[in-house]
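# Descriptive analysis of the structure
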Amino acid sequence: MAKIIYKHANGSETVVDVSTPNTVMRGAKTHAVEGIVAQCGGSAQCGTCHVYIDAHNTLPLPPMDEVEDDVLYGTASPRRDTSRLSCQLPVSDEIDGLVVHLPETQL
């Protein structure tokens with residue numbers, strides 16, 4: 001289980017405990033976190049679970065694959081160096097305390 005901190009564009013945050021095996025996206029959907037649409041259900045096709053990893057993150061995240069990289073070029077909010085698809089971020093004890101910033105829009 002890992003505590004994931006979802007920071008909203010308006011400055012508020014939602015903190016949830018997400019069990020394994022889940023993804024950061026599934027944790028948001030399961031706990032009704034506003035700002036994650038996830039139209040494709042987590043198959044890295046739609047880009048509506050786009051998040052920005054906190055700039056100060058030191059937690060180990062999996063490398064981005066080619067599919068995720070391509071999808072991030074078509075998201076509704078601007079792609080940044082810290083952009084990731086939350087459906088591609090598996091939850092584990094090692095990412096406890098991960099902070100993700102939600103973009104202003106997903107659609």
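Residues numbered from 1 in each chain as written. Predicted model: local features only at pLDDT ≥ 70, side-chain atom pairs only at ≥ 80, totals over all residues. Heavy atoms only, no water.

### Quick word on the nonpolar core
One finds Ile4, Tyr6, Val24, Ile36 and Val100 to be the most contacted residues of the largest nonpolar core, which totals 25 residues. Listed by contribution, the elements that provide at least two residues to this core are strand S1 (2-7), strand S2 (13-18), helix H1 (24-30), strand S3 (50-53) and strand S5 (98-101). Aside from chain neighbours lying at most four places away, what touches Val24 is Ile4, Tyr6, Ser86, Leu89, Val91, Ile95, Leu98 and Val100. (Core = buried A, V, L, I, M, F, W, Y, C linked by side-chain atoms within 4.5 Å. Buried < 20%, exposed > 50% of the residue type's maximum accessible area, 1.4 Å probe, protein only. Helix = DSSP H or I, 4+ residues; strand = E, 2+ residues; numbered from the N terminus. Contact = heavy atoms within 4.5 Å.)

### A short note on the pattern of salt bridges
All chains considered together, the criterion is met by four salt bridges. With a shortest N-O distance of 3.2 Å, Asp17 and Lys3 are connected by a salt bridge. Of this pair, Asp17 sits in strand S2 while Lys3 sits in strand S1, and the two are 14 residues apart along the sequence. Here Glu68 makes a salt bridge to Arg84, at a shortest N to O gap of 2.8 Å. Highlighted residues: Glu68 in helix H2 (residues 66-71) and Arg84 in strand S4 (residues 83-85), separated in sequence by 16 residues. You can call Arg84 buried: its relative accessible area is 8%. (Salt bridge = Lys/Arg side-chain N within 4 Å of Asp/Glu carboxyl O.)

### As for unusual backbone geometry
Glycine aside, a negative phi is what most residues show, and trans is what most peptide bonds show. Of note, the amide linkage connecting Thr20 to Pro21 takes the cis form, showing an omega dihedral of -5 degrees. Mapped onto the elements of the fold, Pro21 is located in the loop between S2 and H1. Notably, Ala38 is not glycine yet its phi reads approximately 55 degrees, a positive angle. The residue Ala38 is located in the loop between H1 and S3 in this model. Looking at Ala38, the relative accessible area reads 12%, which means it is buried. Although it is not a glycine, Ala44 sits at a positive phi angle of roughly 55 degrees. Its place among the elements puts Ala44 in the loop between H1 and S3.

### Quick notes on the side chain of Thr75
Turning to its location among the elements, Thr75 is positioned in the loop between H2 and S4. A distance of 3.4 Å separates polar atoms of two side chains, one belonging to Thr75 and the other to His50. A polar contact is formed between the side chain of Thr75 and the backbone oxygen of Leu72, at a distance of 3.3 Å. Apart from the residues within four sequence positions on either side, Thr75 is in contact with Gly47 and His50. (Polar contact = N/O pair within 3.5 Å; in protein donor to acceptor, adjacent residues only side chain to side chain.)

### Comments concerning the environment of Arg80
Residue position: Arg80 is located in the loop between H2 and S4. Look at Arg80 and you get partly exposed, because its relative accessible area is 47%. Separated by 24 residues in the primary sequence, Arg80 and His56 place their C-alpha atoms 14 Å from one another.

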